[in-house]
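Spelled out from the first residue to the last, the chains are:
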Amino acid sequence: MADAVHAARRRIASAAERAGRDPGSIRLVAVTKGVEAERVAAAIAAGVTDVGENRVQEASAKRDAVAGAARWHLLGHLQTNKAKRGAQLFDVVESVDSQRVAEALAERRRELGGARLDVLIEVDLTGIRARTGVPEAQITELARAVTQLESIRLTGLMTIAPHVADPTDAAPYFRRLGALRDQLSEHLAIPMPELSMGMSDDFEVAIAEGATWVRLGRAIFGTRDPVP
Ligand SMILES: *Cc1c(COP(=O)(O)O)cnc(C)c1O
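Quick caveat: nothing in here was measured; it's all calculated off a predicted structure.

About the cut-offs
Residues numbered from 1 in each chain as written. Predicted model: local features only at pLDDT ≥ 70, side-chain atom pairs only at ≥ 80, totals over all residues. Heavy atoms only, no water. Helix = DSSP H or I, 4+ residues; strand = E, 2+ residues; numbered from the N terminus. Contact = heavy atoms within 4.5 Å. Near = heavy atom within 4 Å. Polar contact = N/O pair within 3.5 Å; in protein donor to acceptor, adjacent residues only side chain to side chain. Areas by Shrake-Rupley, 256 points an atom, 1.4 Å probe, with all protein chains shown as cover. Nonpolar A, V, L, I, M, F, W, Y, C, P; charged D, E, K, R; others polar. Salt bridge = Lys/Arg side-chain N within 4 Å of Asp/Glu carboxyl O. Buried < 20%, exposed > 50% of the residue type's maximum accessible area, 1.4 Å probe, protein only. Expected span 1.5 Å × (residues − 1). Arc of directions from axis to C-beta.

**Student:** Got a minute to help me understand the environment of Val40 in this structure?
**Tutor:** Along the chain, Val40 falls in helix 2 (residues 37-45). Ignoring any residue separated from it by four or fewer positions in sequence, one finds Val40 in contact with Thr32, Val35, Val51, Lys62 and Val66.

**Student:** Help me out: how do you make sense of the site of the ligand in this one?
**Tutor:** Every residue near the ligand is listed here: Val31, Lys33, Asn54, Leu75, Ile160, Met199, Ser200, Arg215, Leu216, Gly217, Arg218 and Arg224. One of the side-chain N or O atoms of Asn54 is found 2.8 Å from an oxygen atom in the ligand. With respect to the ligand, the side chain of Ser200 contributes an N or O atom lying 2.5 Å from an oxygen atom. Relative to its free-state accessible area of 390 Å², the ligand is covered by the protein chains to the extent of 94%. Considered class by class, the residues forming the shell around the ligand number five nonpolar, three polar and four charged.

**Student:** What's the story with the pattern of salt bridges in this structure? I'm lost.
**Tutor:** Side chains bearing opposite charge may pair, as long as their charged atoms lie close to each other. All chains considered together, the criterion is met by 13 salt bridges. Among the ionic pairs, Glu111 bridges to Arg108, the shortest N-O distance being 2.8 Å. Pair noted here: Glu111 and Arg108 are both in helix 5 (residues 99-112), with a separation of three residues, about one helical turn. Ionic pairing is found between Arg181 and Asp182, a salt bridge with its closest N-O pair at 2.9 Å. Residue classification places Asp182 among the partly exposed residues on the basis of a relative accessible area of 43%. Residues joined by salt bridges that share partners form a network here, namely Arg27, Asp50 and Arg71.

**Student:** Looking at this model, I keep getting lost on the side chain of Asp50. Mind explaining?
**Tutor:** Following the sequence through the fold, Asp50 ends up in strand 2 (residues 50-53). Residue Asp50 is classed as buried on the basis of its relative accessible area of 0%. A polar contact of 2.6 Å, which involves the side chain of Asp50, links it to the side chain of Thr49.

**Student:** When you look at the environment of Arg153 in this model, what are you seeing that I'm missing?
**Tutor:** Structurally, Arg153 is set in strand 7 (residues 152-159). The spacing of Arg153 and Ala115 is 38 residues in sequence and 9.8 Å in space, taken between C-alpha atoms. Not counting residues up to four positions away in its chain, the partners in contact with Arg153 are Arg116, Leu117, Asp118 and Val119.

**Student:** Just to check I follow, could you spell out unusual backbone geometry for this structure?
**Tutor:** If you check the backbone angles, Ala189 has positive phi at about 55° while not being a glycine. When you line up the elements, Ala189 lands in the loop between helix 7 (171-188) and strand 8 (194-196). Looking at Ala189, the relative accessible area reads 67%, which means it is exposed.

**Student:** Looking at this structure, how should I read the environment of Ser151?
**Tutor:** The residue Ser151 is located in the loop between helix 6 (139-147) and strand 7 in this model. Distance from Ser151 to Arg175, taken between C-alpha atoms, is 30 Å for residues 24 residues apart in sequence. Discounting chain neighbours no more than four positions away, the residues touching Ser151 are Ala106, Arg109, Arg110, Arg116 and Leu117. Of the polar contacts made by the side chain of Ser151, one reaches the backbone oxygen of Ala106; its length is 2.6 Å.

**Student:** What exactly am I supposed to notice about helix 1 (residues 2-18) here?
**Tutor:** Three or four residues apart is the spacing at which side chains of an α-helix point the same way, because the helix has 3.6 residues per turn. The end-to-end C-alpha distance of helix 1, which contains 17 residues, comes to 24 Å, matching closely the 24 Å that a straight helix rising 1.5 Å per residue would cover. Of all the positions in helix 1, only Val5, Ala8, Ile12, Ala15 and Ala16 are classed as buried. Projected down its long axis, helix 1 carries its buried residues within an arc of 105°, all on one side. Exposed residues lying more than 90 degrees from the buried face of helix 1 are Asp3, Arg10, Glu17 and Arg18. If you follow the buried residues of helix 1, they end up packed against strand 1 (27-31), helix 2, helix 8 (203-208), strand 9 (213-216) and helix 9 (218-221). Downstream of helix 1 by one or two residues, Gly20 has phi in the positive range, about 70°.

By themselves, these observations are geometric and do not establish any function.
Spelled out as structure tokens, the structure:
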């Protein structure tokens, strides 16, 4: 496990250097869906600081079982009725895609007290129906609504690029996310430092386009069974 984590970090660092960026400005989020708690704990012991899960239920069981401190990121679509549990369980929600979900997260977070919950808005740049994330045309309205909520804090944007045979073909999607982030940040006059983009097949391309968080599952844990 330590070898896999170090190998992923080396690839991140080389991609950063090729792009003229500081490798320290890129955070590795280890995506642990379908990965048993012991292996997650081993990854944390090997230096992983951030863990990403797709489902509230799976994360709920795992978080208790995993020894070791990490920041837990929710990456999957969140239903409003799971938002309360999500607000409690996660340190970061990367997949906010509606005002209702944002409001439910904020409400629960306010009840819990303590630090604000960091959230990203997930953007769908592919135009493929049935994909998660909000279309570009709705981002400004949603972002404005999110910034009105006191117990959550919008810190950036997340996207999943379409699956392409040649990872360099994903570059325009990553570049677009960066441009949208820049526009929004200026328009709303808030700092939005984070761009969560890039997965095992395309993270080096995402780093060249400005990713600050890369979400790696298979590159660390190997292939997984398809999630039903
Ligand atoms: C599964 C998943 C990842 C990691 O995918 P890999 O291809 O295994 O690196 C990243 N982000 C999201 C939203 C995912 O669902």
